Amino acid sequence: MAVLLVTGVWLGGYALIRNRVPGRWLGRTVRNPRLWGTGLLFMVSSLAFVSWTPFVLGLGITITGHAVKPTG
């Protein structure tokens, strides 16, 4: 569980700060890395709060990061 937590925080923080995701496969599938990273951090925070609400919010944000292209 700790490995999952640390990996999720690292991936989410990396995507949020650098505006890109590591790896070729994620780089091809994720259209909006900052939004994807924010959603991943929400999902990881659900483990800390032991609540389904942040997980469901994070899942929606992560899916939106996969589907929506950034504007600008």
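Residues numbered from 1 in each chain as written. Predicted model: local features only at pLDDT ≥ 70, side-chain atom pairs only at ≥ 80, totals over all residues. Heavy atoms only, no water.

What follows is about the environment of Val21. Of note, Val21 is situated in the loop between helix H1 (2-18) and helix H2 (24-29). According to the relative accessible area criterion, Val21 is buried, its value standing at 11%. Ignoring any residue separated from it by four or fewer positions in sequence, one finds Val21 in contact with Tyr14, Ala15, Leu26, Gly27, Val30, Pro33 and Trp36. (Helix = DSSP H or I, 4+ residues; strand = E, 2+ residues; numbered from the N terminus. Buried < 20%, exposed > 50% of the residue type's maximum accessible area, 1.4 Å probe, protein only. Contact = heavy atoms within 4.5 Å.)

With that out of the way, let us pick up the packing of aromatic side chains. Counting across every chain of the model gives two aromatic pairs. Consider the rings of Trp52 and Phe55, whose centres lie 5.8 Å apart with planes at 85 degrees: the pair is edge-to-face. On the criterion of helical spacing, the pair formed by Trp52 and Phe55 is a turn pair, its members being three residues apart in helix H4 (residues 52-67). On the accessibility criterion, Trp52 (66% relative accessible area) is exposed. (Phe/Tyr/Trp six-rings, centres within 6.5 Å; stacked < 30°, edge-to-face > 60°.)

Moving on: the nonpolar core. Residues Leu11, Ala15, Val21, Leu26, Val30, Trp36, Leu40 and Met43 constitute the largest nonpolar core, which totals eight residues. Those elements giving two or more residues to this core turn out to be H1 and helix H3 (33-49). A per-element tally of this core places H3 first, with three residues. (Core = buried A, V, L, I, M, F, W, Y, C linked by side-chain atoms within 4.5 Å.)

With respect to the helices and strands, Thr62 occurs in helix H4. Sequence-distant contacts of Thr62, defined by excluding residues within four places in its chain, comprise Trp36, Gly39, Leu40 and Met43.

Keep in mind these numbers describe shape, not what the thing actually does.
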